[in-house]
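In case you want the letters, here they are:
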Amino acid sequence: NSSGFDKIDRSTFWKKIGAAFDTRRDIEKKAQQQKQQRISERAKQLVTPEAIKKRTDMMIDEEAKIRLNEKSIRDAVVWQLQQKIERLESQLQEETNQLESIIDNLRMALDASRNSTMWGWILFGISVVLLIAVAANS
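Quick caveat, the model's predicted, so the values are computed rather than measured.

## A closer look at the overall build of the chain
For step 1, the next point in the chain: When you go through the chain residue by residue, the secondary structure sums to three helices and zero strands.
For step 2, the next point in the chain: The order of helices and strands in the chain, counted from the N terminus, is α-α-α.
For step 3, the next point in the chain: The C-alpha atoms of the chain give 54 Å as radius of gyration, which overshoots the globular expectation for 138 residues (14 Å, by more than 25%).
For step 4, the next point in the chain: Projected onto its principal axes, the C-alpha positions of the chain cover 175 × 30 × 15 Å.

## Concerning the pattern of salt bridges
For step 1, the next point in the chain: The full count for this structure, using the stated rule, is four salt bridges.
For step 2, the next point in the chain: Arg107 is the salt-bridge partner of Asp104, the closest N and O atoms lying 3.8 Å from each other. Here Asp104 pairs with Arg107, and both are found in helix α3 (residues 49-137), just three residues apart, close to one helical turn.
For step 3, the next point in the chain: For Asp104, a relative accessible area of 39% translates into the label partly exposed.
For step 4, the next point in the chain: The class of Arg107 is exposed, set by a relative accessible area of 53%.
For step 5, the next point in the chain: Among the salt bridges present, the one from Arg114 reaches Asp111, with a minimum N-O distance of 3.8 Å. One end of the pair, Arg114, and the other, Asp111, are both in helix α3, three residues apart, so they sit about a helical turn from each other.
For step 6, the next point in the chain: Arg114 sits in the exposed class, given a relative accessible area of 51%.
For step 7, the next point in the chain: Given a relative accessible area of 40%, Asp111 falls into the partly exposed group.

Cut-off values and rules
- Residues numbered from 1 in each chain as written.
- Predicted model: local features only at pLDDT ≥ 70, side-chain atom pairs only at ≥ 80, totals over all residues.
- Heavy atoms only, no water.
- Helix = DSSP H or I, 4+ residues; strand = E, 2+ residues; numbered from the N terminus.
- Rg over C-alpha atoms; globule rule 2.2 N^0.38 Å.
- Salt bridge = Lys/Arg side-chain N within 4 Å of Asp/Glu carboxyl O.
- Buried < 20%, exposed > 50% of the residue type's maximum accessible area, 1.4 Å probe, protein only.

Right under this line is the structure:
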């Protein structure tokens, strides 16, 4: 009894015998299997309904933040464009009013010029008639 057992059953015996003859490849294979088994057990511990719900909620929150940011940016751009359009419309209206005022002033000046020209011709005509009358009386 060199293994320290009082009683050795067959399965323990064959495990001891098999372990003595395991090759390096067999040991690495067993180690890989044990590692895979530990990973599977850890994954089962981590993948619980609570963990899935928590991760799903986090993904939904992240998506909502992205959409909120995109919507906020789009809304801000739309607002800025509307403000710019309003400013341009106001400027256009001011310039239109100025041009209308200039046109009205030019019309008034033209009318005044026409009136003075007309009065000039009238006075010229009266002068000619008076000269003819004076010449006829002399």
